[in-house]
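Next come the chains, spelled out residue by residue.
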Amino acid sequence: MINKQNIKIFILLLCTSASAVAQHKQRENPVVDSILQNIKAPIFKKSTWNIVTYGAVADGQTDIKPILDKAISLCSVSGGGEVIIPKGKFYIAGPVVLKSHVNLHFDDGTELIFSGEPKDYLPAVLTLWEGTELYNYSPLFYAYQCSDIAITGNGKINGSASKNFATWRPQGSAEQNKLRQMGHDGTPVYQRVFGDGYHLPPDMIQFFGCKNVLIKGISITDAPYWVIHPVLCNNVTVESVTINSHNLNNDGCDPEASTNVLIQNCNFTTGDDGIAIKAGRDQDGWRIGQPTENIVVRNCIFHSKTNGLCIGSEMSAGVRNVYMYNNYIQRCLSAIYFKSNLDRGGFIENIHVYNIVCDSARSAFIRFENNYHGSRGGHYPTLFNNFMIDNVACKHSGEVGIYAVGVQGNPLKNISLNKVTVLNTPRAEVIDNAVNLSYKQVTINGINLTKPTNTGVITLHTD
């Protein structure tokens, strides 16, 4: 909740730089507008398909999957429209598989409860797991190479992951390492069959290779892994979504290898990053070769167990042309965070972050890191270039205000920090291997910093 102290920070931040902010918005709005012109919500036929008319029972126990599958198929082959899940509590034993021209609409007062049994999400489907292609358990909502699809309405969706999926611990496991080695070796994707007998949890929502996508209004809890994950998509809107899911690796929204994405007016309380913009992992990212670009994130609230606004670390095909503004971060590890490691290659460039307020970051407020943990021994440093961060404030940062550490021989480049305020932090900055990093009106602990001071690498302890 935005309390009186946070409002004071907003007022202090915005009033002391009102003129400069107005100039900044005037300068940037045409660019943002040009991106938004390519992001349009899909339009659906007026036809409706209410699942109750096909026999669905709202008792929270009877499996509606066969009926929902039938309604979605009939709607799609009939030219599209709305498949309606009406008010009531419904249970589904398996994934919702959307098809082209279908808007899955939840009426007010609707709750959809997913089965917690992994076997219900087989057979395995083509998916992307932490940036690498494979066949795995189906995401709970899945679509493959569809156009004009949506999930809308104010329904509540319970992934029931705490029963099984959320208890799995894939990080550092032999299965995770097996998949990553397959990506490194270029193993044909059809041979990367996981799913049954393995323990790599699926995403909550993954639309793969789709265009004209809308996710609006829904509330999500108890997700198995990443929550909203558009992959190789174009023209995506995620709007007015509420996520309250605290399981490990519950990122809020991870657009990956996707273009023209708008995330707005959302409230994310997550067990991992709030927003994590991605573009494939290592050799798989290079092979697919689709950058993530033209992304707008605005008017959102974050309360994250790890990071707030993040790019990386899976970003090997590159991320560019990102605008994140008018966002409020309540709690996080690092608030504004760009990360890669020496396996990734690729680039992060043309990034604009402005009008951000953070209440408390346990680690760093602003963080650039080109040697993030988890490298498998490669040496393909990522290009970090052209970042503009303007009019941002943090009440408390637990370890450092500004952390900007590049790689020897491949420094961070062209970073402009303007009107940055950190009210309280034990260390103002950690700077190493950064070229053309500039400060203007940077105030930390009440002291104005006119230029960065090279400190060498200092390890943070909260990761």
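Participant: Explain the overall build of the chain residue by residue, including any values.
Facilitator: Assigned secondary structure in the chain consists of five helices and 34 strands. For 463 residues, the compact-globule formula gives about 23 Å, and the C-alpha radius of gyration of the chain, at 22 Å, lands near that figure. In terms of overall dimensions, the chain has a C-alpha envelope of 70 × 50 × 35 Å along the principal axes. Within the chain, the fraction of its 463 residues that count as buried is 62%. Residue pairs in contact within the chain that sit at least 24 positions apart in sequence constitute 76% of those at least 6 positions apart.

Participant: I'd like to hear about the pattern of salt bridges, residue by residue, with values.
Facilitator: Applying the stated criterion across every chain, the model contains 13 salt bridges. Here Asp-120 ties to Lys-119 by a salt bridge, and the two come within 3.3 Å at their closest N and O atoms. Of the charged contacts, one joins Arg-320 and Glu-293 as a salt bridge, the two residues approaching to 2.7 Å between their closest N and O atoms. With Arg-320 in strand E25 (residues 319-332) and Glu-293 in strand E22 (residues 292-298), this pair connects stretches of sequence that are 27 residues apart. When salt bridges that share partners are traced, they join Glu-133, Arg-192, Asp-284 and Arg-287 into one network.

Participant: Talk me through the environment of Ile-43; I want residue IDs and the actual numbers.
Facilitator: Topologically, Ile-43 is positioned in the loop between helix H2 (18-36) and strand E1 (48-50). Sequence separation between Ile-43 and Tyr-142 is 99 residues; the distance between their C-alpha atoms is 20 Å.

Participant: Can you tell me about the side chain of Ser-360, naming the residues and giving the values?
Facilitator: As for its placement among the helices and strands, Ser-360 is situated in strand E27 (residues 347-361). In contact with Ser-360, not counting residues within four places along its chain, are Gln-330, Arg-331, Cys-332 and His-396.

Participant: Explain the nonpolar core to me, and be specific about the residues and the numbers.
Facilitator: Residues Phe-141, Phe-207 and Phe-338 are the most contacted members of the largest nonpolar core, which totals 100 residues. In terms of residue count, the dominant contributor to this core is E27 (six residues). Ile-35, Leu-36, Val-296 and Tyr-323 belong to the second-largest nonpolar core, a separate cluster that totals nine residues.

Participant: Before we move on, could you go through empty space enclosed by the protein and cite the residues and values that matter?
Facilitator: This model, assessed by the stated rule, comprises four cavities of 30 Å³ or more. If you add up the space inside the largest cavity, you get close to 70 Å³. The wall of the largest cavity is formed by 14 residues, among which Leu-128, Ala-257, Ala-279, Gly-280 and Ile-288 lie closest to the centre. The biggest single contributor to the lining of the largest cavity is helix H5 (residues 282-288), with three residues.

Participant: Explain the environment of Gln-171 residue by residue, including any values.
Facilitator: Within the fold, Gln-171 resides in the loop between strand E12 (156-158) and helix H4 (174-185). Placed 77 residues apart in sequence, Gln-171 and Leu-248 show a C-alpha to C-alpha distance of 9.9 Å. Among residues more than four places away in sequence, those in contact with Gln-171 are Glu-130, Gln-176, Arg-180, Tyr-225 and Asn-249. In this structure the side chain of Gln-171 is engaged in a polar contact, spanning 2.8 Å, whose partner is the side chain of Glu-130. Within the local environment of Gln-171, its side chain forms a polar contact with the side chain of Tyr-225, the two groups lying 2.6 Å apart.

Participant: Describe the environment of Leu-232, naming the residues involved and giving the relevant values.
Facilitator: Relative to the helices and strands, Leu-232 is located in the loop between strand E16 (228-231) and strand E17 (234-239). Residue Leu-232 is classed as partly exposed on the basis of its relative accessible area of 27%. Sequence separation between Leu-232 and Lys-211 is 21 residues; the distance between their C-alpha atoms is 8.7 Å. With residues near it in sequence (within four places) discarded, Leu-232 still touches Phe-208, Gly-209, Cys-210, Glu-256, Ala-257, Ser-258, Ile-288 and Gln-290.

Definitions and limits used
- Residues numbered from 1 in each chain as written.
- Predicted model: local features only at pLDDT ≥ 70, side-chain atom pairs only at ≥ 80, totals over all residues.
- Heavy atoms only, no water.
- Helix = DSSP H or I, 4+ residues; strand = E, 2+ residues; numbered from the N terminus.
- Rg over C-alpha atoms; globule rule 2.2 N^0.38 Å.
- Buried < 20%, exposed > 50% of the residue type's maximum accessible area, 1.4 Å probe, protein only.
- Contact = heavy atoms within 4.5 Å.
- Salt bridge = Lys/Arg side-chain N within 4 Å of Asp/Glu carboxyl O.
- Core = buried A, V, L, I, M, F, W, Y, C linked by side-chain atoms within 4.5 Å.
- 1 Å grid on protein atoms, 1.4 Å probe; cavity = no way out; pocket = protein on both sides within 12 Å on 5 of 7 lines; lining within 4 Å.
- Points joined across faces, edges and corners; volume = space filled by probe spheres on them.
- Polar contact = N/O pair within 3.5 Å; in protein donor to acceptor, adjacent residues only side chain to side chain.

Read these as geometric descriptors, not functional statements.
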